[in-house]
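Secondary and tertiary structure notes
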Amino acid sequence: MPDMSASVSLAMTHLVPLAKEVDENKVTPGVLGFIVFAAMAVAVWGLMKSMSKHMGKVDFKEPADPEQPSAAGAPTTTTATGKPSSTT
């Protein structure tokens, strides 16, 4: 098995000069950072548009309970079985 430290040493000697070219006082996200940020912004915009569409479909009114009497009808009481009965 070949010695791994020699290949690591060789790789480091090639990468160190590249690292020295970076200005230590000026570090920016660069093009890749902008692309990632733009992709996230487009994803959030798409999610918000989808959520708005789905929220528009929601019906907040509850359906009327068929077992509930109307307010204008006769007063009711519940029996032992839980069913409403008229008291008129």
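This text gives an overview of the structure that appears in the document. (Residues numbered from 1 in each chain as written. Predicted model: local features only at pLDDT ≥ 70, side-chain atom pairs only at ≥ 80, totals over all residues. Heavy atoms only, no water.)

Examining the overall build of the chain
The following threshold applies: Strands here are runs of E lasting at least two residues and helices are runs of H or I lasting at least four, both read from the DSSP assignment and numbered beginning at the N terminus. Summary of the burial criterion: residues with accessible area below 20% of their type's maximum are buried, those above 50% are exposed, and those between are partly exposed, where the area comes from a 1.4 Å probe applied to protein chains only. Using the Shrake-Rupley algorithm and a 1.4 Å probe, accessible areas are obtained, with residue cover drawn only from the displayed protein chains.
When you go through the chain residue by residue, the secondary structure sums to two helices and two strands. Listed N to C, the secondary structure of the chain is α-α-β-β in terms of helices and strands. In the chain, buried positions account for 0% of the 88 residues. Surface accessibility of the chain: about 8,500 Å² in total, with carbon and sulfur atoms responsible for 67%.

Here we look at a nonpolar patch on the surface
Put simply, the test is: Patch membership requires more than 30% relative accessible area and the absence of a salt bridge. Residues of like charge join within 9 Å; the nonpolar side chains Val, Leu, Ile, Met, Phe, Trp and Tyr join within 5 Å. Salt bridges are defined by distance alone: a side-chain nitrogen of Lys or Arg within 4 Å of a carboxyl oxygen of Asp or Glu.
Taken together, the side chains of V44, M48, M51, M55, V58 and F60 define a hydrophobic patch exposed on the protein surface, amounting to about 630 Å² of accessible area. Considering the arrangement of structural elements, one finds M51 in helix α2 (residues 30–57). With a relative accessible area of 46%, M51 lands in the partly exposed category.

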